[in-house]
Amino acid sequence: MKMNAQFKAVADHALLVSFATEISDDVHNIIVALDKAIVDAPPTGVIETIPALVNILVDFDPLMTDHITITSDIRNMLRHLKPDGYTGITHNIPVCYEHPFNPDLSAVAQQTGLSEDAVINAHLAGNYRALMYGFAPGFAYLAGVPETIQVPRKPAAIRDIPGCSVIIAGPQCIVTTIMMPTGWSVIGRSTTSVLTGNADRPFLFNIGDKVIFERITQAEFERLAKGNAND
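Owing to the predicted nature of the structure, the values given are computational and were not obtained by experimental measurement. For every chain, the first residue of its written sequence is number 1, and the numbers climb from 1 along that sequence. Local features in this predicted model are restricted to residues of pLDDT 70 or higher, and side-chain atom pairs are both shown and tallied only at a pLDDT of 80 or more, whereas totals for entire chains, interfaces and linings draw on every residue. With hydrogens and water excluded, all non-hydrogen atoms of the structure serve as input to the side-chain values.

**Quick notes on the overall build of the protein**
Looking only at helices and strands, one finds five helices and 13 strands in the protein. In this setup the radius of gyration rests on C-alpha atoms only. A globule is expected at 2.2 Å times the number of residues raised to 0.38. For the protein, the C-alpha radius of gyration of 19 Å lies close to 17 Å, the compact-globule estimate for 231 residues. For the protein, the spread of C-alpha atoms along the three principal axes comes to 55 × 40 × 35 Å. Out of the 231 residues belonging to the protein, those deemed buried represent 44%. By the criteria applied, helices consist of DSSP H or I runs no shorter than four residues and strands consist of E runs no shorter than two, each listed in order from the N terminus. Exposure classes here rest on a 1.4 Å probe applied to the protein chains alone. A residue is buried below 20% of its type maximum, exposed above 50%, and partly exposed in between.

Right under this line is the structure:
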C-alpha cells in the first residue's frame, strides 16, 4: 500500500501523522509498524506515541526538537517501513453471556433478526484486533464485530455499567474497565480485567494484538472471579 502521509502540527509539542479517512487493515498495519519503529528507535525529543484508527500522534519535547525536524524524521522512517502486519499477542478472554450479565442481548437479537444463541455464536466468531485506546482508561477499541450483529449505539447512555462488561456498537467491541455510562449494547461480562495494575504495562492489550472470546457458564464465571479475587 502506498503510504500517503499527512502531517499536522498539534500545539507546540506534537505532530499528528494521518494516512486515511476510513479504517482499514492496510492503514492499521502502517500505523502499528510506524509506532513500533518509533518506539524501537525514537527520534531525538520524542516522548510518546499515541496510535489511533487512521493516524498516530507523536508527542515530543519542544525544547529538544520541533515540528519540522520530527516531520523529517518520520518521513525517513516511512521510506524504510515494511507494514507487513503486527502479529502481536493473542489473548483468550472468557465471557459469560448469561443473565444478569447480558442486559442488551435480547435487544440485539431482535434488531438483527437472530436468536440470542446466534448472536453469541456470531460474537465468538469475530476476528478481533486492538485498534486503539481511548475515551476512558483501558478502553481498547477492538475491530472485528461480524456484520450480522453490528447494531448502532442506543439513543441515550445507560448509567452504572460494571467494569469487564463486553459491549458492542457497529463494527467495534470493548471490554470495559470501570463502572460508567455507555450507549453501547451490553451482551456479556468477562472475568478478565484490561487494567493490569502494572505501571510498566498498565493495559493488557498492545495495539495490534488479537482477541479471542471464549464462552463460559455463570458457574465458571463465579469460579474464575473468585480465583481472581484471591490472587
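**Some points on the pattern of salt bridges**
By definition here, a salt bridge exists when the distance from a side-chain nitrogen of Lys or Arg to a carboxyl oxygen of Asp or Glu is within 4 Å. Inspection of the entire model under this criterion finds four salt bridges. Arg215 is the partner of Asp117 in a salt bridge, and the nearest nitrogen-oxygen pair spans 3.3 Å. With Asp117 in helix H4 (residues 116–124) and Arg215 in strand E13 (residues 210–216), this pair connects stretches of sequence that are 98 residues apart. With relative accessibility at 43%, the residue Arg215 sits in the partly exposed group.

**Side note on the environment of Cys173**
For Cys173, the position within the fold is in strand E10 (residues 172–175). Taking the C-alpha atoms as reference points, Cys173 and Leu63, separated by 110 residues in sequence, lie 40 Å from one another. Between two residues, a contact is recorded if the distance between any of their heavy atoms is within 4.5 Å. Setting aside its immediate chain neighbours within four residues, Cys173 contacts His123, Tyr128, Ala140, Tyr141, Leu142, Val145, Val166, Ile167, Ile168, Trp184 and Phe213.

**So, the side chain of Arg189**
Relative to the elements of secondary structure, Arg189 occurs in strand E12 (residues 185–190). Lys and Arg are tallied as positive, Asp and Glu as negative. Neither His nor the chain termini are counted. Of the buried charged residues, Arg189 lacks a salt bridge, with Glu222 as the closest side chain of opposite charge at 9.9 Å. With near-sequence residues (within four places) excluded, Arg189 lies in contact with Pro94, Val95, Cys96, Phe101, Pro162, Gly163, Cys164, Ser165, Val166 and Phe221.

**So, H4**
For H4, every residue scored as buried is listed here: Val119, Ile120, Ala122 and His123. An end-on view of H4 places all buried positions within 165° of arc, on one side of the element. Where the residues of H4 are buried, they touch helix H3 (105–112), strand E6 (128–133), strand E9 (165–169), E10, E12 and E13. What the arc describes is the spread of directions from the helix axis to the C-beta atoms.

**Here's the deal with helix H1 (residues 25–40)**
Under the convention used throughout, the expected extent of a helix is 1.5 Å for every residue step, that is, one less than its residue count. Over its 16 residues, H1 extends 22 Å from the first C-alpha to the last, a length consistent with the 22 Å expected when each residue adds 1.5 Å. All of the buried residues along H1 are Val27, His28, Asn29, Ile30, Ile31, Val32, Ala33, Leu34, Asp35 and Ile38. For H1, the secondary structure elements touched by its buried residues are strand E3 (46–51), strand E4 (55–60), helix H2 (67–80) and E6.

**What about the packing of aromatic side chains?**
A pair of aromatic rings is counted whenever rings of Phe, Tyr or Trp (Trp by its six-membered ring) have centres within 6.5 Å, and the orientation is called stacked for planes under 30 degrees apart, edge-to-face for over 60 and tilted otherwise. Inspection of the entire model under this criterion finds five aromatic pairs. Here Phe101 and Phe221 contribute two aromatic rings whose centre-to-centre distance is 4.4 Å and whose plane-to-plane angle is 40°, an arrangement assigned as tilted. One end of the pair, Phe101, is in the loop between strand E5 (90–96) and H3; the other, Phe221, is in helix H5 (residues 218–230), with 120 residues separating them in the sequence. Judged by its relative accessible area of 9%, Phe101 is buried. Among the residues examined, Phe221 registers a relative accessible area of 10% and is labelled buried.

**Structural notes on the packing of H1 against H2**
Angles here are taken between N-to-C directions and fall from 0 to 180 degrees, while the axes themselves are lines fitted to C-alpha atoms, restricted in helices to the stretch in contact. Packing of H1 against H2 brings their axes to within 11 Å, and their N-to-C directions diverge by 115°. You can see that H1 and H2 cross each other, and the crossing is right-handed. Listed contacts from H2 to Leu34, Ala37 and Ile38 of H1 are Ile74, Met77 and Leu78. Taken together, the residues of the contact of H1 with H2 sort by class into six nonpolar, no polar and no charged. Two helices that cross are described as forming a left-handed crossing if the nearer one is turned anticlockwise from the farther one by less than a right angle, and a right-handed crossing if clockwise. When residues are sorted by character, Ala, Val, Leu, Ile, Met, Phe, Trp, Tyr, Cys and Pro go into the nonpolar class, Asp, Glu, Lys and Arg into the charged class, and all the rest, Gly among them, into the polar class.

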